[in-house]
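Fold and contact review
Listed below are the residues making up each chain.
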Amino acid sequence: MALVLTEEQSMLRDSARGLISDTAPVSHLRHLRDSKDPTGFSKELWHSFAEIGFAGLLVPEEFGGSGLGFMEVGVVMEEIGRTLMPSPFLATSVVATSALNRGGNAAQKSEYLPKISNGSLLATLAIDEGTKHRPLQTNLQAVRAGNGFKLSGAKALVVDGHVADLFIVAARTAGSAGERDGLTLFLVNSKAKGVAIERTIMVDAHNAARIELANVEVNADSVLGEVDQAASLLDGVLDIGRGAVAAEMVGLSEEVFNRTVEYLKSRKQFGKLIGEFQALQHRAAELYIDIEITRAATMKALQALDADVTKAASAIAVAKARAGTTATRAVQEGVQMHGGMGMTDQFDIGFFMKRARVCEELFGDANYHTEQLAQARGY
Amino acid sequence: MTDSKTSETETADLEQFRTETRAWLEANCPPEMRKPVTSDADVFWGGRNAKFSSEPQRIWFERMRDKGWTVPDWPEEYGGGGLSAAEHKVLRSEIAKMGARPPLSSFGIWMLGPALLKYGTEAQKQEHLPKIAAGLIRWCQGYSEPNAGSDLASLQTRAESDGDDFVITGQKIWTSYANYADWIFCLVRTDPTAKKHDGISFILFDMTSKGVTTKPILLISGYSPFCETFFDNVRVPKSHVVGQINRGWDVAKYLLQHERAMISGMGERGVGRPLGQIAADSVGTDGQGRLDDCMLRAEIASFDVDEAALAACAERALDLAKAGQAHPAFSSAMKYYGTELNKRRYEILMSAGGVDALEWESERSKQGARPRAWLRTKANSIEGGTSEVMLGIVAKRILDLPGA
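Rules of the game
Residues numbered from 1 in each chain as written. Chains lettered and ligands numbered in written order. Predicted model: local features only at pLDDT ≥ 70, side-chain atom pairs only at ≥ 80, totals over all residues. Heavy atoms only, no water. Axes fitted to C-alpha atoms, helices over the stretch in contact; angles between N-to-C directions. Helix = DSSP H or I, 4+ residues; strand = E, 2+ residues; numbered from the N terminus. Parallel < 35°, antiparallel > 145°, perpendicular 65-115°, else oblique. Left-handed = near helix turned anticlockwise from the far one by under 90°. Contact = heavy atoms within 4.5 Å. Nonpolar A, V, L, I, M, F, W, Y, C, P; charged D, E, K, R; others polar. Salt bridge = Lys/Arg side-chain N within 4 Å of Asp/Glu carboxyl O. Buried < 20%, exposed > 50% of the residue type's maximum accessible area, 1.4 Å probe, protein only. Polar contact = N/O pair within 3.5 Å; in protein donor to acceptor, adjacent residues only side chain to side chain.

**Points about the packing of helix α4 (residues 70–83) of chain A against helix α5 (residues 89–103) of chain A**
Residues and elements named next belong to chain A. At a minimum axis separation of 11 Å, α4 and α5 run at an interaxial angle of 160°. As summarised for this structure, α4 and α5 are arranged roughly antiparallel, according to the angle between their axes. Classified by chirality, the crossing of α5 by α4 is left-handed. Residues F70, V73, V76, M77 and I80 of α4 lie in contact with α5, whose contacting residues are F89, L90, V94 and S98. A class-by-class count of the residues in the contact of α4 with α5 yields 8 nonpolar, 1 polar and no charged.

Have a look at this one:
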């Protein structure tokens, strides 16, 4: 398959770009932040997302969705990255939907997927417990009780945690932290007794929460996939999330880069446009090359997901590692080249730096994914 | 391909081509030619004085030549394979999977051929292209001069008009393998009064012409692939000019794009086992099977990420070209990154090799193959335009940053 967008994908990009740049430029995020918006995203905009078919992008047509693939997810995520629009798209429409698509039984799918598709249900994956992304270190306990389980433990960086209706919680039903066996995914109603949610106001003004589960009772129907065998399911779902975040970082990197290049062409110092200085030209050129290479690696990874999620791990590791490194570099150069202006809150550049930092931690940073590649290659 | 064909049948045709290609390569590529290139003797350059270093090398070359696959995407009438872009991609990937060596290495294929296909007259194409495809004539490139390296357009070699001929006088430098080449494609100044880029012509002539002499330049690698080349009143017919007289810069620039694409791909050639495993063999592993030098391991892993990403980008660059969406200056971006990455590879190989990689003259080290290759890579970011020139091209032509 060619590493260029098809005509249909280009049309999807154009409509996503139109909608997002018109309704949610960076000032939209700034307004939500400054007004301490209780929801943290625009419900109105989310309804538009549902109407246009984005909320159910990955939902199969039989459940009312668009039934599209991961390249299409990447197209939308890239546009989200350009304006930093806060949206339930990643947590609900990409990650949670993929978990349900891949692990759900018929009853679970028909209960949740239509609601995701029409925008009436928000869902999210609750996985990380420590300071860094380590899926196998999951320690939240799920103990058998009667016909179901009792869940106890805590999760951090639960994206959209304080607005989600449904949590997909990774828990340990056997074994101990670090082991692949003994992991199970549970569907947990966020209103269930024993669930405590703390919205964490994050550096990038996007939604995330810490949640605590104290003897939360769920029945056997709440298990997503097989008991004790969630590791492979989780690998695939996380890789999908990683591919999506990599695409967001490509969009973010390119936008911050475009703004920086425009600044180099308009800002004068020492009687010259600063873009005439070779030191800055070369740094800008290097960054451009970095972004192009990262874009290709990300498209390659999304295509690999479309071909076979279970065989995409190495391509995903390459993409997420590259995207993290490139986005970090893009925002750092962006702030530096904007000089003092880049340090002001009034200017948008800092928003990109903050979002890049969060995207880097989400689903594993560049170090994590570089290590994954080394392990996969056996050295 | 006709319009009535659906994309499904195109895909099916391509899959059939893949199956047939794989079978043909499997049946025709000698096992000896499926190993990584380790020394200069493994490379066949063709030319009037060409010698094969082994029987399998000869067989592999002749079979590929007969199929037109020394230049798979050139038209059949000029000795090519006539493959479409999609078929060519399939062939390349099948060759790469097999680890097969290029049957013929040639500046004629990489550089002159594409320029002739675009700018040559029909007579020039018929005269030169089939000989390039068949490896009969070995070409060298007369671009750089002692005072015109990266600032190529300031070249001074003069071609003075004398009836139907030009008379050429001057000096070139860094002429790769000029001492082995049969013909040269050369930039000369045909109008010294015109602006820098406007008085240059692109001309072809035989290296055995009266007045041509060459002198090898010894490099830090202990080899001399490069020469100084001198022209003393060399007489060349005007019909040997490619493109218009005084418009040689257009041809030169077009050709440089191909040269850069070729150099950026250097890392792909002669690649054998993954770096991590090469390093593990010499450095050893710890109890968990990890390379027993955590910093080196991290460096290799980071290299692997970048190399895989660059491979994706090279693939995308071809796909963009095919879709008519490629930026003409993008080869400069690839050249920059590819050559810097290749230097990183050899720094890692030297570090992984430790003391063994320091041996310069010994049987065990194949006469210092690794350190010599390491030193050779240092030229990657100089030849064909330095890394700094590439970044300048990207800044000005792609990013449209203002000129100083």
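**Focus on the pattern of salt bridges**
Overall, the coordinates contain 59 salt bridges over all chains when judged by the stated rule. Residue B:R364 pairs with B:E359 through a salt bridge whose shortest N-O separation is 2.5 Å. The class of B:R364 is exposed, set by a relative accessible area of 68%. Through salt bridges with shared partners, a single ionic network connects A:R30, A:R33, A:D34, A:E255, A:R259, A:D345 and A:D348.

**Examining the side chain of A:E78**
Within the secondary structure, A:E78 sits in helix α4. A polar atom in the side chain of A:E78 sits 3.0 Å from the side chain of A:R295.

**Brief notes about the environment of B:A159**
Residue and element names in this part refer to chain B. Note that A159 resides in strand β2 (residues 158–162). Judged by its relative accessible area of 3%, A159 falls in the buried class. The sequence separation of A159 and E361 amounts to 202 residues, and the corresponding C-alpha distance is 45 Å. Excluding its chain neighbours within four sequence positions, the residues that come into contact with A159 are F166, V167, I168, V188, R189 and T190.

**What to know about unusual backbone geometry**
Even without being a glycine, A:D160 presents a positive backbone phi close to 60°. Among the structural elements, A:D160 can be located in the loop between β3 (148–159) and β4 (166–172). Located in the positive-phi region is B:Y177, a residue other than glycine, with phi close to 55°. Counting through the fold element by element, B:Y177 comes out in the loop between β3 (165–176) and β4 (183–189). In this structure B:Y177 comes out as buried when scored by relative accessible area, which is 17%.

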